[in-house]
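The chain contents come next:
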Amino acid sequence: MSDNQERKRTARERIQRERQLDKARERRRRTLIVASAVVGVLGLAAVVGLVAANSGKDKDGSSEAGPLSAPSGVQGEEQLAIPVGASDAPSTLTVWEDFRCPACAQFENALRSTIHDLVAAGKIKVEYHLATIIDGNMGGSGSLRAANAAACAQDVGKFPEYHDVLYTNQPPEPDDAFADNDRLIELAGKVEGLDTPAFRTCVDEGTHDSWVEKSNTAFQNGGFRGTPTVLLNGESIFPTKGEEQISVPNFKKWVEEANKGKQPGTRQPSPAGSAATGSPAS
């Protein structure tokens, strides 16, 4: 083969490789768009993983899930919100999350103490909604298994504590460690009073799997960009609110602005298994 022919062959191969890379990039762009935001003075890059085209497909067979069993105390449209905080708080923080989602963990770990403080002060209540888009994007069942376990924790009024434990112990995104019920039960040991026979049975039997799948369907049908989706009184605040990026100071400011002239909430839920229903404490 002449040098000229060899150069032409090499050029053709290079063009083919570039075209293949372009196609791969385009497929990834269509199925998983990534947006970045800096979380204020924390210097934390929060990445929003948007919904992939196949995120609604349960690769582990959603058709095998049992009858729909909602966890105790859920509220809202179709009973899909897990509420935390005073039911009469002047502002509502709505959070759509996936326990396998790294951006969700970044949001939670950065804003956790601030959210807890505002909830404790009666300034906001939080409505958590669970999604399973990472299972759809990457395969596996850790999103579903973790969400079911969190719903089991809600049954006994331990959702907020277990929710935080899951995020502080989140495995790397490709590691489907939350698919292991034994791991989820092990983590329940970090929440006082949660690791009980009833909780273990709820986790192992996937008691709330169908409810989680219904929640994920609502997420897909809601027109949301991805997880986490964070709304303050219905307005998106993650990764930005208008032209302002989310940060601890900005988040506090937004809540104060929303609550101006309004009294903090005082109507606390009971500590029983029906926690967070919004009924007054006895």
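Residues numbered from 1 in each chain as written. Predicted model: local features only at pLDDT ≥ 70, side-chain atom pairs only at ≥ 80, totals over all residues. Heavy atoms only, no water.

**Observations regarding the confidence of the model for the protein**
Thought 1: For the protein, per-residue confidence averages 83 on the pLDDT scale, and 74% of positions sit at 70 or higher.
Thought 2: Note on residues 26-63: pLDDT under 50 across the span, and 80 contacts to partners over four residues away in sequence or across chains.
Thought 3: Counting interchain partners and residues more than four positions distant, the pLDDT-below-50 stretch residues 270-282 has 37 contacts. (pLDDT = per-residue confidence, 0-100. Contact = heavy atoms within 4.5 Å.)

**Some words on helix α5 (residues 159-168)**
A turn of α-helix holds 3.6 residues, and therefore any two residues three or four places apart point the same way.
Thought 1: For α5, the tally of buried residues reaches 7 of 10 residues, placing the bulk of the element in the interior.
Thought 2: Where α5 is concerned, the buried positions are Phe159, Tyr162, His163, Asp164, Val165, Leu166 and Tyr167. (Buried < 20%, exposed > 50% of the residue type's maximum accessible area, 1.4 Å probe, protein only. Helix = DSSP H or I, 4+ residues; strand = E, 2+ residues; numbered from the N terminus.)

**Some thoughts on the pairing of strand β4 (residues 91-97)**
Thought 1: The buried count for β4 comes to 7 of 7 residues, which makes it a mostly enclosed element.
Thought 2: Every second residue of β4 is oriented toward a common face, with Ser91, Leu93, Val95 and Glu97 on one face and Thr92, Thr94 and Trp96 on the other, all of them buried.
Thought 3: As paired strands, β4 and strand β5 (residues 124-130) are joined by 7 bridges and run parallel to one another. Within β5, the residue paired with Glu97 across the bridge is Leu130.
Thought 4: A crossover connection joins β4 to the parallel β5 through helix α2 (residues 102-120); in handedness this β-α-β unit is right-handed. (Pairing = 2+ DSSP bridges. Right-handed = clockwise from strand over helix to strand, strands pointing away.)

**As for unusual backbone geometry**
Thought 1: Omega for the peptide link from Thr227 to Pro228 comes to -5°, which places this bond in the cis form.
Thought 2: By the element assignment, Pro228 lies in the loop between β6 (226-227) and β7 (229-232).
Thought 3: The step from Phe238 to Pro239 runs through a cis peptide bond, and the omega angle for that step is 5°.
Thought 4: Relative to the helices and strands, Pro239 is located in the loop between β8 (235-236) and β9 (240-241).
Thought 5: Phi at Glu78 is positive, roughly 65°, even though this residue is not glycine.
Thought 6: Position of Glu78 among the secondary structure elements: in the loop between β2 (44-50) and β3 (82-84).

**Let's talk about the sheet that holds β3**
Thought 1: Across the sheet, 5 strands lie side by side as β3-β5-β4-β7-β8; this open sheet has mixed pairing. A strand with exactly one partner marks an edge of an open sheet, and here the two such strands are β3 and β8.
Thought 2: Here α2 sits on the sheet and contacts β3, β4, β5 and β7; the angle it forms with β5, its principal contact strand, is near 150°. (Axes fitted to C-alpha atoms, helices over the stretch in contact; angles between N-to-C directions.)

**Re the nonpolar core**
Thought 1: Grouped together as the largest cluster of nonpolar side chains are 60 residues, with contacts concentrated most on Leu93, Ile115, Tyr162, Phe199 and Phe251.
Thought 2: No other element matches the 9 residues that α2 contributes to this core.
Thought 3: Not counting residues up to four positions away in its chain, the partners in contact with Leu93 are Ile115, Ile124, Lys125, Val126, Glu127, Val230, Leu231, Leu232, Ile237 and Phe251. (Core = buried A, V, L, I, M, F, W, Y, C linked by side-chain atoms within 4.5 Å.)

**Examining the pairing of β7**
Each regular strand displays side chains that alternate between the two surfaces of the sheet.
Thought 1: Of the two faces of β7, the one holding Thr229 and Leu231 and the one holding Val230 and Leu232 are both buried throughout.
Thought 2: In the sheet, β4 pairs with β7 via 4 bridges, with the strands oriented antiparallel. Each residue of the ladder has a partner; that of Trp96, found in β7, is Thr229.
Thought 3: Both β7 and β8 contribute to a ladder of 2 bridges, which runs antiparallel. Paired with Leu231 across the bridge in β8 is Ser236.
Thought 4: In this antiparallel pair of consecutive strands, β7 and β8, the connection spans 2 residues, and Asn233 shows a positive phi of 50°.

**Structural notes on the state of the cysteines**
Thought 1: Throughout the structure, instances matching the rule amount to 1 disulfide.
Thought 2: Paired through a disulfide, Cys152 and Cys202 show a sulfur-sulfur distance of 2.1 Å. Looking down the S-S bond of the Cys152 and Cys202 bridge, the torsion is -85°, so its handedness is left-handed. Placement of Cys152 in helix α4 (residues 142-155) and of Cys202 in helix α7 (residues 197-205) is noted, with a sequence separation of 50 residues between them.
Thought 3: We classify Cys152 as buried; its relative accessible area is 3%.
Thought 4: Here Cys202 falls in the buried class, since its relative accessible area comes to 8%. (Disulfide = S-S within 2.5 Å.)

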